[in-house]
Structure formats: structure tokens, C-alpha cells
Amino acid sequence: MKKFLGYTFVITILLLSIKVDYRLVSDIYCCKDDHDYYAHAETIAEDFDFDYDNQFQEKPNQRYYVNGKQAPSGFVGSGLLSAPFIYVGNLLNKFFNTSNIFNFKILLYSFSSIFYLYLTFKIFIKINLLLNTELKNIFFLIVLLGSGVSYYALERYSMTPVYEIFTSSLIIYTSIKLCKNPDQNKYYAILPLLLLVGVLVKWVHLYYIFIPFIVKESLYIFLGYEKVKIYFNKYFLGSSLVSIALFLMLSKLIYGQILLNPETVYNTSGFVSSYFNNQTLTEFFINAVKNSFIILFTQEFGLFWFNSVLFIGLLLSLLNYFKKLSKKNLLLFLVSFLSYAQVFGIVLMWQSTASAYGFRYLLNLVPLALFQFLIFYKNTNYL
């Protein structure tokens, strides 16, 4: 009965928070970020291809157009995950013969982000059990909803933050399962495919590749797990080759050429190089320190005020490393720092500190910060 009441309470809160006018929306129109991710899902669910002529009626479109091939500027990962919802929505539209005033396609598509946010919550409940941290389930619900990602599940449901934290959480969970069952080769084979999905959601999140290392080293150093070699396992390497081939194939299908640089997709080629070329090394470090302080502490989207789990997870993980800083965990400290630095660096280069735009770019770090908080909680007597 208590479990039923708990779920009823959560569902009621979510229903009260859901955007109220989405049912009257007939489509998501070109050409902004929301449409980019929707276009991927729509062409996969309706046309079963990566020809975007139906999504962009005018050539050249405002997003990506090279050698007659047009495509969204956004990446395909969230479209792959949300396409089944559009497919079911179209079936319901045909079955009920609905008009544009009530569009099941948009309705089901808007539920996709809520579904993956719920799965993320369930994944962390499982992580909690695996690590035996004995925290209440409500803790993870509060952390996730309070991180700011709920806005992108309930309001800007076509954006990627929910899909980012879902894939990151799944990578963390699978890495823990692997460390607890190092003799089960299926986890070595699954991990590269999950990393592929995570990178497809956002190409710029290359630090996802480091997550299995951070997980296995954290479990080994702080919780005494068996030391596991992940990256040199033959199943991991074989699956990695398959994942790389799939990435290149999707790039060719979507953009008409094999692309590795996300700047080309974003139509911002040369932006990163110009950012570094337009300032001296001293100016670069001064700006990095100043803007990092703004990201952490400003009262306008500062992490200290608006994303406590990310701020505390980062802080406590550093304290945990320093507490046992030695040759054994120095590499773990550096890899963890570089993971945060890569995402912070994107915000710094886009010059979007103290803004909602920069804030959303940091949300993908929430699962990693939450995992490191759990390790700290399990390993210390501070809490």
C-alpha cells in the first residue's frame, strides 16, 4: 500500500508539472534545436531512413546542407531512443482518426523524455542496491528532479539532457555490474554499444569513454573490489570495432559523408581554434578560472545554487581523492578531473557561463557526480 501511494504521489506531481498545451500542438516546426532532434526521430519512425527532405522542405535548409544532402545540426542519439514513441503515436492517430487538434504523435513523443527520466531513476535505485549504500529511493528522485533536468523532461521535451543522463547512468550501471561479475563477457560486449549510444546523443561528450575506468578504479581503490581490465578484454575490443563501424555508417547515412568533428555538423568550423588563437596563454588561464568561478557560484544558474548534486558530487569526489591521494589513484583523479573539465570547457568556449544555455550543457555530469557522491558516502564517515 505504501509503495502504491508513493507511486501515486510521484505520478500526480509529474502530471501537475507537465506542459499543458502540448496536446494542441500539431507539429514541431523547423528550424531550431528542438526540431533537430524531433526530425531524427520522425524520419526514423515514419520513413525508416535518414533522408530528411520531408523534415526540411526548403533547400538549402538553415541547419546542415552539404553537396545536396540536408540534415539536422543536432545529433541522432535522442532520435533513435524516442523514435518508437512517434511510431506508436502515429498508429494511434490512424486508429482513432484524430485531427490536428489532438495529435497522439506529439503526445507520445513528449512522454519519451519522461519515460527515460523514470528509467534513470530506476537505474540509480539499482546502483544503490549494487553498492549497498542503503539510501532511500526518494533521495534519488529528489536529486534528479532537483538537478534541473526535469525542465527538459516536462517542458523542453525535445532537447537532449534527459537522454544524456539516461545513457550516462546506464554506462555507470553496466560498469558496476561488470566489476561485480568480471567473468561475464556479456558486459564487456555491451559497454561499447552503450558508449556509442551516449556519444550519438552528443558527440562532444567524449568523456563517456572514461566512465568505465572511473567506475572500476573507484570500486577498486575505495571499496576494495577486484581489479578489472576492461579496455583490453577481447569482447570489449571486438564490440568497440563494431561500434566504431556503426558510428561511421550513421555519419555517412545522415550527413552524406563520414564526419568526426562536431563543429562541421554545428556549422561552426574553426570556432575552437579561433577561441584559443585570440588569447594568450595567460589570458586563457585567467578567463578559465574566472568563468569557472561564475559557473560554480554565480546566483544566475550557479551550480552551488541550482544544481547541488553536481556541485557536491564534484567537491566530495575531489575530497575523496585527496584523502587517499597516492600513485594508485593519481590517474583516477586526473581522468575524473579531465571528464569534468571537458564539459566545463565547452561552456567556457561557447561563452555561455551564467546562462540557461550553459547550464543545460552541464546536466550530463549529474550521473557521474551522483555516482562519486555514493562512493564518498559509502567510503567515509563524514555523512
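Within each chain, residue numbers correspond to sequence positions counted from 1 in written order. Whole-chain, interface and lining totals are the exception, using all residues; otherwise, since this is a predicted model, local features are given only for residues with pLDDT of at least 70 and side-chain atom pairs are given and counted only at 80 or more. Side-chain measures were taken over the full set of non-hydrogen atoms in the model, leaving aside hydrogen atoms and water.

Trainee: Can you help me understand the packing of helix α3 (residues 77-96) against helix α7 (residues 161-180) in this one?
Mentor: Helices that pack against each other are described as a pair by the angle of their axes relative to one another and the distance between those axes. Lines fitted to the C-alpha atoms define the axes, with helices restricted to the stretch that makes contact. Angles between their N-to-C directions range from 0 to 180 degrees. Numbering of helices and strands starts at the N terminus; helices are DSSP runs of H or I of at least 4 residues and strands are runs of E of at least 2. Their axes nearest at 10 Å, the elements α3 and α7 cross at an angle of 95°. The angle between α3 and α7 falls in the class roughly perpendicular. Contact residues: α3 offers Ser 78, Leu 81 and Ser 82, while α7 offers Tyr 163, Phe 166 and Thr 167. Under this scheme an angle from 65 to 115 degrees is roughly perpendicular, one under 35 degrees roughly parallel, and one over 145 degrees roughly antiparallel; angles in between are oblique. By definition, residues are in contact when any of their heavy atoms lie within 4.5 Å.

Trainee: I would appreciate a short explanation of the packing of aromatic side chains in the present structure.
Mentor: For any pair of aromatic rings, the description rests on two quantities: the centre-to-centre distance and the angle between the ring planes. To pair, rings of Phe, Tyr and Trp, with the six-membered ring standing in for Trp, must have centres within 6.5 Å; the planes then decide the type, stacked if under 30 degrees apart, edge-to-face if over 60, and tilted in the middle. All chains considered together, the criterion is met by 22 aromatic pairs. Their ring planes at 55° and their centres at 4.9 Å tell us that Tyr 116 and Phe 166 sit as a pair that is tilted. Of this pair, Tyr 116 sits in helix α4 (residues 104-131) while Phe 166 is found in helix α7, placing the two residues 50 residues apart along the sequence. The buried label goes to any residue with under 20% of its type's maximum accessible area, the exposed label to any with over 50%, and the partly exposed label to all in between, with areas taken from a 1.4 Å probe on protein chains only. Owing to a relative accessible area of 9%, Tyr 116 belongs among the buried residues under this scheme. Residue classification places Phe 166 among the buried residues on the basis of a relative accessible area of 8%. For the pair Phe 139 and Phe 140, a centre-to-centre distance of 5.2 Å together with 80° between the ring planes defines the contact as edge-to-face. Exposure remark for Phe 139: the relative accessible area of 25% places this residue in the partly exposed category.

Trainee: Mind showing me how you'd approach the side chain of Glu 42 here?
Mentor: Structurally, the position occupied by Glu 42 is in helix α2 (residues 33-47). The exposure class assigned to Glu 42 is buried, which follows from its relative accessible area of 8%. Non-local contacts of Glu 42, meaning those with residues more than four positions away in its chain, are made with Asp 27, Asp 47, Gln 55, Ile 86 and Lys 105.

Trainee: It is not clear to me how the nonpolar core should be interpreted in this structure. Could you clarify?
Mentor: Nonpolar side chains in soluble globular proteins generally cluster together in the buried interior. As used here, the term nonpolar core means buried Ala, Val, Leu, Ile, Met, Phe, Trp, Tyr and Cys residues forming a set that is joined through side-chain atoms within 4.5 Å. Formed by 115 residues in total, the largest nonpolar core has its most connected members in Leu 131, Ile 176, Trp 203, Tyr 255, Leu 303, Leu 362 and Leu 365. Top contributing element to this core by residue count: α4, with 15 residues. The residues touching Leu 362, leaving out its near neighbours within four places in the chain, are Ile 295, Leu 303, Leu 310, Val 343, Phe 344 and Val 347.

Trainee: Please explain the packing of α7 against helix α8 (residues 185-201) as it appears in this structure.
Mentor: Relative to each other, α7 and α8 sit at 165°, their axes nearing to 9 Å. Viewed along their axes, α7 and α8 adopt a mutual orientation that is roughly antiparallel. Like other packed secondary-structure pairs, α7 and α8 cross with a definite hand, here left-handed. Counted together, Tyr 163, Glu 164, Thr 167, Leu 170, Ile 171, Thr 174, Ser 175, Lys 177 and Leu 178 of α7 and Tyr 187, Tyr 188, Ile 190, Leu 191, Leu 194, Leu 195, Val 197, Gly 198 and Val 201 of α8 form the full contact between these two elements. Tallied by class, the residues present in the contact of α7 with α8 amount to 12 nonpolar, 4 polar and 2 charged. Should the near helix be turned anticlockwise from the far one by less than a right angle, the crossing is left-handed, and should it be turned clockwise, the crossing is right-handed. Gly falls in the polar group here, along with every residue not listed as nonpolar (Ala, Val, Leu, Ile, Met, Phe, Trp, Tyr, Cys, Pro) or charged (Asp, Glu, Lys, Arg).

Trainee: When you look at the layout of surface pockets in this model, what are you seeing that I'm missing?
Mentor: Left-over empty space is what a probe sized like a water molecule reveals as it rolls over the atoms. Space inside the second largest pocket adds up to approximately 440 Å³. Of all the secondary structure elements, the ones that give two or more residues to the lining of the second largest pocket are α8 and α10 (234-255). Counting residues per element, the lining of the second largest pocket draws most heavily on α10, which supplies 6 residues. Split by residue class, the lining of the second largest pocket holds 15 nonpolar, 2 polar and no charged. Put plainly, a pocket is an open set of points on a 1 Å grid over the protein atoms alone with protein on both sides within 12 Å along at least five of seven lines, a cavity is a set where a 1.4 Å probe fits but cannot get out, and a lining residue has an atom within 4 Å of a point. Grid points are joined across faces, edges and corners, and a volume is the space filled by probe spheres set on the points.

Trainee: For this particular structure, what's the right way to read the environment of Val 88?
Mentor: Looking at the element boundaries, Val 88 is found in helix α3. For the pair Val 88 and Phe 104, spaced 16 residues apart in sequence, the C-alpha to C-alpha distance is 8.3 Å.

Trainee: Help me out: how do you make sense of unusual backbone geometry in this one?
Mentor: Residues other than glycine predominantly adopt negative phi, and peptide bonds predominantly adopt the trans conformation. Positive phi outside glycine occurs at Phe 48, with the angle close to 55°. Structurally, the position occupied by Phe 48 is in the loop between α2 and β1 (64-66). Taking the relative accessible area as the measure of exposure, Phe 48 reaches 63% and is therefore exposed. Positive phi values are uncommon outside glycine, yet Asn 67 reaches one of about 55°. Mapping Asn 67 onto the fold places it in the loop between β1 and β2 (69-71). Relative accessible area serves as the criterion here: at 80%, Asn 67 is assigned to the exposed category.

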